[in-house]
Amino acid sequence: MKVYLDNSSTTRPRDEAIDEVISMMKYEYGNPSSLHRMGLEAERKIESSRKNIADFLKCNKSEIFFTSGGTESNNIAIQGLINKNIKRGNHIITSKFEHSSVLKVLKHYENKGLKITYLDLNAHGMIDLEQLKEIINENTILVSIMMVNNEIGTVLPIESISQIVKQKNKDTNLHVDGIQAFGKIETDVKKLKVDTFSFSSHKVHGPKGVGGLYVKKDIALEPISFGGSQENGLRSGTENVPGIVGFGKSIQILKETYDKEIQHIKEVKNYFLTNLKSNIEGIKINSLQDDRCAPHILNISFIGVRGEVLLHYLEDKGVYVSTASACSSHGKKKSHVLEAIGLSDAEIEGAIRFSFSHYNTIEEIDYAIEILKESVIDIRKITMR
Ligand SMILES: Cc1ncc(COP(=O)(O)O)c(C=O)c1O
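Residues numbered from 1 in each chain as written. Predicted model: local features only at pLDDT ≥ 70, side-chain atom pairs only at ≥ 80, totals over all residues. Heavy atoms only, no water.

### Thoughts on the overall build of the protein chain
For the protein chain, the count of helices and strands is 12 helices and 12 strands. In terms of overall dimensions, the protein chain is globule-like: its C-alpha atoms have a radius of gyration of 21 Å, near the 21 Å expected for 385 residues. Overall, the protein chain is about 70 × 55 × 35 Å in size when its C-alpha atoms are taken along their principal axes. Looking at the protein chain as a whole, 57% of its 385 residues qualify as buried. Residue pairs at least 24 apart in sequence account for 74% of intrachain contacts in the protein chain once pairs closer than 6 positions are excluded. As displayed, the protein chain offers around 17,100 Å² of accessible surface, 51% of which is attributable to carbon and sulfur atoms. (Helix = DSSP H or I, 4+ residues; strand = E, 2+ residues; numbered from the N terminus. Rg over C-alpha atoms; globule rule 2.2 N^0.38 Å. Buried < 20%, exposed > 50% of the residue type's maximum accessible area, 1.4 Å probe, protein only. Contact = heavy atoms within 4.5 Å. Areas by Shrake-Rupley, 256 points an atom, 1.4 Å probe, with all protein chains shown as cover.)

### A short note on the environment of His-99
Relative to the assigned elements, His-99 resides in the loop between β3 (91-95) and α4 (100-111). The spacing of His-99 and Glu-151 is 52 residues in sequence and 9.4 Å in space, taken between C-alpha atoms.

### Things to note about the sheet that holds strand β12 (residues 351-355)
If you trace the 3 strands from one edge of the open sheet to the other, you get β9-β10-β12, paired in antiparallel fashion. Of all strands in the sheet, those bounded by a partner on one side alone are β9 (283-285) and β12. Ignoring which end each strand starts from, the neighbouring axes of this sheet average 30° apart. The sheet contact formed by β9 and strand β10 (residues 297-302) spans 3 bridges and is antiparallel. By the bridge assignment for β10, Lys-284 is matched with Ser-301. Along the sheet face, helix α8 (residues 241-279) touches β9, β10 and β12 and points at about 15° away from the line of β10. (Pairing = 2+ DSSP bridges. Axes fitted to C-alpha atoms, helices over the stretch in contact; angles between N-to-C directions.)

### Structural notes on the packing of helix α3 (residues 70-85) against α4
In contact at an axis separation of 9 Å, α3 and α4 are set at 30° when each is read in the N-to-C sense. Between α3 and α4, the interaxial angle falls into the category roughly parallel. Considering only the axes of α3 and α4, their crossing is right-handed. Contacts between α3 and α4 pair Thr-71, Asn-74, Asn-75, Ile-78, Gln-79, Ile-82 and Asn-83 from the former with Ser-101, Val-102, Val-105, Leu-106 and Tyr-109 from the latter. In terms of residue class, the contact of α3 with α4 is built from 6 nonpolar, 6 polar and no charged. (Parallel < 35°, antiparallel > 145°, perpendicular 65-115°, else oblique. Left-handed = near helix turned anticlockwise from the far one by under 90°. Nonpolar A, V, L, I, M, F, W, Y, C, P; charged D, E, K, R; others polar.)

### What about the domain arrangement of the protein chain?
Along its sequence, the protein chain is carved into domain 1 (3-11 + 258-383) and domain 2 (15-252). Domain 1 and domain 2 are separated by 27 Å when their C-alpha centres are compared. Between domain 1 and domain 2, the residue contacts involve 30 residues of the former and 32 residues of the latter. Interface area for domain 1 against domain 2, summed over the two sides, is near 2,500 Å², with a carbon-plus-sulfur share of 55%. One can count 17 residue pairs in polar contact (both at pLDDT 80 or more) joining domain 1 with domain 2. Contributing elements (two or more residues each) for the side of domain 1 that touches domain 2: α8, β10 and α10 (336-340). Counting residues per element, the side of domain 1 that touches domain 2 draws most heavily on α10, which supplies 4 residues. (Domains from an automatic or database assignment. Buried area = accessible area lost by both parts, 1.4 Å probe. Polar contact = N/O pair within 3.5 Å; in protein donor to acceptor, adjacent residues only side chain to side chain.)

Written as structure tokens, this is what we have:
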């Protein structure tokens, strides 16, 4: 049996999205910038995807920009906002457990002399809103905060954060890395009152290599690359038309099935957790167990077990999970997220992230628990010898 429990890394594309990608590649391969009929047809398809995504985020179509994925969206937003506003101030606020596509960009600016404040996190992965309030000043040009943490699933209170930011300095921009939130929790960007919001197709059963950025009307960004001025000049380069159209299709379906799919993911995760607790001893649950955690993520430490060893035991039996976030787990460094929430070295070393999708079944979970139990017992026997 194959049980894929690594849906925060990437998801299985929907069949309908795959069909769209194939059809665009095989038959509708015109360049949207071309003036002839094939070009116009490709452009029409892109605009239809843009509308689907704008409706999903509850914003205007003109506020959505397609990119090559979440990493590029974060880069365009953060670099674009800093470069535009650098003359107004040199202070930026973020948190200690952001994704590398935020932290490494900010490190780059820190090396150039900008002042970056990294907000602390408590044991649940929550920032202290009072600390945020105290730190924002007249030099703060940007606050960049993720909506859902990719390793432990904590949902940050973006609406309250945005209220504080705008109250303290109405000129400070708020960028939100929404990549793990998009499609999993409500992301009405107008209600959240964010300035920019990034999202990615392959996390929501769409194709890889495509993503997007919401940019609130009247927010000015300086482009970070230049060329043919596609996407209103914000992201030059011929569009990934098959990817964009496949992405739009996956969101069109998600809009119709959202409640059912999220309910299913919650049930599967609860079933997994209940069975895990009653079958395996010596675990520590690192994710919150209520609505302050995204429905699809569950992080567990298996004490006395190396996460990496367990991952390979599981994959041998067809169960796929992650240790740290897959986007950075080739690096050997220990998880900066688990370190930031104060876990001990043993807890960090034994941590596994399980992440679920609506494709997972109860039968799969029964199998995964059985394999997990066997593997943990085996590994502990060997390491305790
Ligand atoms: C929170 C977060 N931000 C950014 C990214 C990068 O997204 P992409 O893989 O589309 O570049 C990821 C990917 O795991 C993520 O989880």
